[in-house]
Amino acid sequence: MGNGFALAISITLLPNTTVPLIACGCDDNRVTLYVENEQHQIVKVQTLTGHEDWVRGLEFALSDSGSIFLASCAQDHFIRLWRISPRRGDDVLIVPKAVSELQEEEDIRVKERLFAVIDNDEEKSTFAVTIEAILSGHEGWIYGVHWQPAVYTDGKRHQPMCLISASMDKTAVLWRPDLESGIWLDEVRVGEVGGNTLGFYGCQFSPSGHSFLAHGYQGAFHLWHKSQVS
């Protein structure tokens, strides 16, 4: 990490492995990914750039498709969503083309950052990191970002694609992708108007996902509940 400071950290397991993946957000405006190698050492595998100020919050979520989503927020007023997906066989060999090289009906591929890990059974797994979305809507430093907890029904796990963020602009925002276009939108915006408060320093969902909490500089807790509208 050099001489900088780590301001946020999150950890998860890579899909279908026992290898831990650590994301670290620092004052160099970058998100650095670390894994445990076969010698049980923590090594850097990727550096994710794009934020233009200190990274203040990170959190992983395992989607229903088997990909990992990493949400990062920073003092640049933006949230970035990163997708970490397994790559197998010929997928690893695909090289993105320039727009001028694409055929008429060929899709544009997002640039991927690849890294490989070796599990306890000495099987090599390759993963690709791509930028999924950039969320814009806050007007101040964003200090916290959290995914809605997974829901279990009859033993089946479901991860809602829903995100909450807290900012120094005195608002907390609930984000979801549009069902038709897939574009991430701010679904709900709550907070304070006026006063001498300095905004929110963090946020969190309740275990059920039906409520969320934000806390401010002066020690106040703000709790909102989702109500069912008939």
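Refer to the structure presented above.
Below you will find a few notes about this structure. (Residues numbered from 1 in each chain as written. Predicted model: local features only at pLDDT ≥ 70, side-chain atom pairs only at ≥ 80, totals over all residues. Heavy atoms only, no water.)

**A short note on the overall build of the protein**
- The secondary structure content of the protein amounts to zero helices and 18 strands.
- Residues classed as buried in the protein amount to 43% of the 230 residues present.
- Expressed as a percentage of contacts within the protein between residues at least 6 apart in sequence, the contacts between residues at least 24 apart total 46%.
- Accessible area for the protein stands at about 13200 Å²; split by element, carbon and sulfur atoms hold 51% of it. (Helix = DSSP H or I, 4+ residues; strand = E, 2+ residues; numbered from the N terminus. Buried < 20%, exposed > 50% of the residue type's maximum accessible area, 1.4 Å probe, protein only. Contact = heavy atoms within 4.5 Å. Areas by Shrake-Rupley, 256 points an atom, 1.4 Å probe, with all protein chains shown as cover.)

**Quick word on the sheet that holds strand E16 (residues 200-205)**
- Reading across from one edge, E16-E17-E18 is the order of the three strands in this open sheet, with antiparallel pairing throughout. For this open sheet the edge positions go to E16 and strand E18 (221-225), each flanked by a neighbour on one side alone. Each strand of the sheet is rotated relative to its neighbour by a mean of 20°, with strand direction disregarded.
- One ladder, built from five bridges, connects E16 with strand E17 (residues 211-216); its direction is antiparallel. Each residue of the ladder has a partner; that of phenylalanine 200, found in E17, is glycine 216. (Pairing = 2+ DSSP bridges. Axes fitted to C-alpha atoms, helices over the stretch in contact; angles between N-to-C directions.)

**Here we look at the nonpolar core**
- One finds Leu14, Leu21, Leu33, Leu70, Ile84 and Phe115 to be the most contacted residues of the largest nonpolar core, which totals 20 residues.
- Counting residues per element, the ones that place at least two in this core are strand E2 (20-26), strand E3 (31-36), strand E5 (55-62), strand E6 (68-74), strand E7 (78-87), strand E8 (113-118) and strand E9 (124-136).
- Counting residues in hydrophobic clusters, the runner-up holds 15 residues, among them Ala71, Ile79, Leu135 and Trp147. (Core = buried A, V, L, I, M, F, W, Y, C linked by side-chain atoms within 4.5 Å.)

**Looking at a negative patch on the surface**
- On the surface, Glu38, Asp121, Glu122 and Glu123 cluster together into a negatively charged patch.
- Along the polypeptide, glutamate 122 turns up in the loop between E8 and E9.
- By relative accessible area, glutamate 122 is classed as exposed at 69%. (Patch = residues over 30% accessible without salt bridge, like charges linked within 9 Å, V, L, I, M, F, W, Y side chains within 5 Å. Salt bridge = Lys/Arg side-chain N within 4 Å of Asp/Glu carboxyl O. Lys, Arg positive; Asp, Glu negative; His and termini not counted. Charge placed at Lys NZ, Arg CZ, Asp CG, Glu CD.)

**With respect to the sheet that holds strand E15 (residues 184-191)**
- Spatially, the four strands line up as an open sheet ordered E10-E13-E14-E15, and their pairing is antiparallel. With partners counted over all chains shown, the strands left at the sheet margins are strand E10 (142-147) and E15, one partner each. Between one strand and the next, the sheet's axes are offset by a mean angle of 20°, whatever the strand orientation.
- In the sheet, strand E13 (residues 163-167) pairs with strand E14 (residues 171-177) via four bridges, with the strands oriented antiparallel. The partner of leucine 163 across the bridge, within E14, is tryptophan 175.

**Digging into the side chain of serine 10**
- For serine 10, the position within the fold is in strand E1 (residues 6-13).
- For serine 10, the side chain forms a polar contact with the main-chain nitrogen of phenylalanine 60, separated by 3.5 Å.
- Setting aside residues up to four positions removed in sequence, serine 10 forms contacts with Leu21, Ile22, Ala23, Leu58, Glu59 and Phe60. (Polar contact = N/O pair within 3.5 Å; in protein donor to acceptor, adjacent residues only side chain to side chain.)

**Overview of the environment of glutamine 204**
- On the secondary structure map, glutamine 204 appears in strand E16.
- Along the backbone, glutamine 204 and serine 165 are 39 residues apart, and their C-alpha atoms lie at a distance of 8.6 Å.
- Once you skip the residues sitting within four places of it in the chain, glutamine 204 turns out to touch His146, Phe212 and Leu213.

**Observations regarding the pairing of E7**
- Among the 10 residues that make up E7, seven are buried, leaving the element largely enclosed by the rest of the structure.
- In the sheet, E6 pairs with E7 via six bridges, with the strands oriented antiparallel. Across the sheet, residue leucine 70 finds its bridge partner in E7, namely tryptophan 82.
- In this sheet, E9 lies alongside E7 in antiparallel orientation, the contact comprising 10 bridges. From the neighbouring strand, isoleucine 79 faces E9, where its bridge partner is leucine 135.

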